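# Commentary on secondary and tertiary structure
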Amino acid sequence: MATYSIGYDIGSSSVKAALVDTSTGKVLARVQAPQEEMGMQAPQPGWAEQDPELWYRYVIACTQDILARTQVQAQSIRSIGIGYQMHGLVLVDGAGEVVRPAIIWCDGRAVETGARAFAGIGEDRCLSHCLNSPGNFTAAKLKWVADHEPDNYARTAHAMLPGDYIALRLTGNATTTITGLSEGVMWDFKRNELAGLVLDEMALDTNKLCTRVPAVGVQGKVSEQGAKETGLAAGTIVGYRAGDQPNNAISLNVTQPGEVAATAGTSGVVYGVTDKLAFDPAQRVNSFAHVNHDSGQNRIGILLCINGTGIAHRWIRQQVCGEDTTYDQMEELAASVPVGSDGLYFLPFGNGPERMLQNKDIGARLGGLNFNRHSRAHLVRAGIEGVAFALVYGMRIMGELGVDLSTIRVGNDNMFQSAVFAETVATLTGACIEVHNTNGAVGAALAASVAAGGSEDLAAAVGRQEVVASITPDEARREDMQRTYLRWTEALERTLAEV
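Counting restarts for each chain: residues are numbered from 1 in the order of the written sequence. Per-residue local features of the predicted model are confined to residues with pLDDT of at least 70, and side-chain atom pairs are confined, for both listing and counting, to 80 or more; whole-chain, interface and lining totals are unaffected and use all residues. For side-chain calculations, the full set of non-hydrogen atoms in the structure is used, while hydrogens and water are omitted.

Moving on: the state of the cysteines. Each disulfide is one covalent bond, formed between the sulfur atoms of two cysteines. When two cysteine sulfur atoms are found within 2.5 Å, that pair is recorded as a disulfide. Counting across every chain of the model gives 0 disulfides. The structure places no disulfide on C106, whose sulfur is separated from the nearest cysteine sulfur, that of C305, by 9.2 Å. C210 forms no disulfide, and the closest cysteine sulfur to it belongs to C130, at a distance of 18 Å. Residue burial is assigned from relative accessible area. The probe radius is 1.4 Å, only protein chains are included, and a residue is buried under 20% of its type maximum, exposed over 50%, and partly exposed in between. Note on C210: relative accessible area 9%, which makes it buried.

Structure, rendered in structure tokens:
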């Protein structure tokens, strides 16, 4: 009898799910809920929150959609994998009820909290043990709650990441992974244990952290309650969990040193794997445990994140082009004007503090606008180029840390579908961009199959990749792009000097 695996990708825009035949790797269904992007609440400037219960409702909707579409019997689904938006904080009480809205990845309220802890621990000590500053990551967000909402902190039984919350709802067990603790800056790589130096500096209660389980392996099983709510069979194995960027890398078969993945969804990320405990002293890029990291085998993901990529493109669509304009039509507009948008430039940093800019929140900027020369098409192209330039700016930092950017693997479901965008990135970096027919939900499903015996190991599970396109540098436009990129970086550096 055929056996299957479901993967979920819990994003801040939507929840995606995929059903995969574990014997062949064939994708039987891909679904998404909601069809329009989820909103974020901003009770104060720089804050970003979502209701975790909403994520779980969309997990239920996706699961029921898959079962209805495919008519696959729930008992044939042997395993579940979970990819999720990184760096968020979900607090639940002893009954598993949410204490307050989730503080999600792009929320900037904990920047100063993390900076104080970094100084208190000692920068060199913190980086050599944890690879990152507490910055604006999960530990700093938890400390912010302890300081500013002590009643909510006192009510909290478990502080968890978004994927941990979904696993809790499915299994009834509060668990996490070393990969997850690392992304929250709560893992000590030198001592191979919880990062006491961070938790002690912040006076955080380690009893509020979840039980550790392997990132790939049996993490728990769907409970009777989880089965009743979703339509899955009780006892289905939850066999994999990772933040969206390591999960995206796994989906693209990026597991070994020298391999690089990229994505440009709501945020844009480049993620390269190394076997060194590497870190950027300036913390413009960050380093986390990859899903196959362990004490005897370093696998570190160096991560560049730009908050404003797909969300910037969407904003231009909504505010400049109109809701009825499709992304294909925007691509046609962008292609109708020359490289450099006739001097119009866009800094796409309007989605909170940017780590690449050392946690400065400079806002998005449009410059060089001429009412007599520039049209809607120029605005669209300037927006696409601005996002591409931001990624390239960060990739050059990664190159300084030894990341090989000669080949970049991407999925076929985000801004890399734009030829203007992809060709700009390829030309300025000299990379060959391989477009793979996969996404995060598919990768999570394949990785989870290992725990249920559907695949021999992780490499075998995710190694069935179809390359649907290759994008190479456009030599004819290289000089124009380099000149435009130089103007853009000069505008960025002027802005940074003003802030």
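Once you've had a look at it, read on.
With that settled, the discussion passes to the side chain of R100. Strands here mean DSSP runs of E at least two residues long; helices mean DSSP runs of H or I at least four residues long; both are numbered from the N terminus. By the secondary structure assignment, R100 is in the loop between strand 6 (90-92) and strand 7 (102-103). Looking at R100, the relative accessible area reads 8%, which means it is buried. Side chain to side chain, R100 and E49 meet in a polar contact 3.1 Å long. Two N or O atoms count as a polar contact when they lie within 3.5 Å, although within protein this holds only if one can serve as hydrogen donor and the other as acceptor, and sequence-adjacent residues are included solely when both atoms are side-chain atoms. Here E149 takes part through its side chain, which lies 2.6 Å from a polar atom of the side chain of R100. By definition, residues are in contact when any of their heavy atoms lie within 4.5 Å. For R100, the residues in contact, after removing those within four places along its chain, are E49, L91, R109, V145, E149 and N152.

Another aspect to go through is the pairing of strand 3 (residues 27-33). In this analysis, strands are considered paired if DSSP registers two or more bridges between them. Of the strand pairs in this sheet, strand 2 (residues 15-21) and strand 3 are connected by 6 bridges, and their pairing is antiparallel. What sits directly across from A17, in strand 3, is V31. Joining the antiparallel neighbours strand 2 and strand 3 is a turn of 5 residues, in which G25 adopts a positive phi near 80°.

Once that is clear, we can look at the sheet that holds strand 18 (residues 300-306). Strand order in this open sheet of 7 strands is 17-18-16-15-21-22-23, and the pairing throughout is mixed. The open sheet terminates on both sides in strands that have one partner only, identified here as strand 17 (286-289) and strand 23 (467-471). Between one strand axis and the next, the sheet turns by 25° as a mean value, whatever way the strands run. Looking at chain direction, strand 17 and strand 18 are connected through 4 bridges and run antiparallel. Residue pairing across strands places F288 opposite G301, the latter belonging to strand 18. Across the sheet, helix 10 (residues 244-251) is in contact with strand 15 (260-264), strand 16 (268-274) and strand 18; its angle to strand 15 comes to roughly 120°. Each axis is a line fitted through C-alpha atoms, taken for helices only over the stretch in contact, and angles between the N-to-C directions span 0 to 180 degrees.

The next point concerns the nonpolar core. Across soluble globular proteins, nonpolar side chains have a tendency to be buried as a group. Buried Ala, Val, Leu, Ile, Met, Phe, Trp, Tyr and Cys residues form a nonpolar core when they are joined through side-chain atoms within 4.5 Å. Residues V270, L304, F349, F421, W488 and L492 are the most contacted members of the largest nonpolar core, which totals 56 residues. Examining the composition of this core, we find that 13 residues originate from one element, helix 13 (residues 376-400), more than from any other. Beyond its immediate stretch of four places on either side in the chain, L304 contacts G268, V269, V270, V285, M356, L391, G394, M395 and M398. Within the second largest apolar cluster, 47 residues are counted, among which are L127, V273, I300 and C305.

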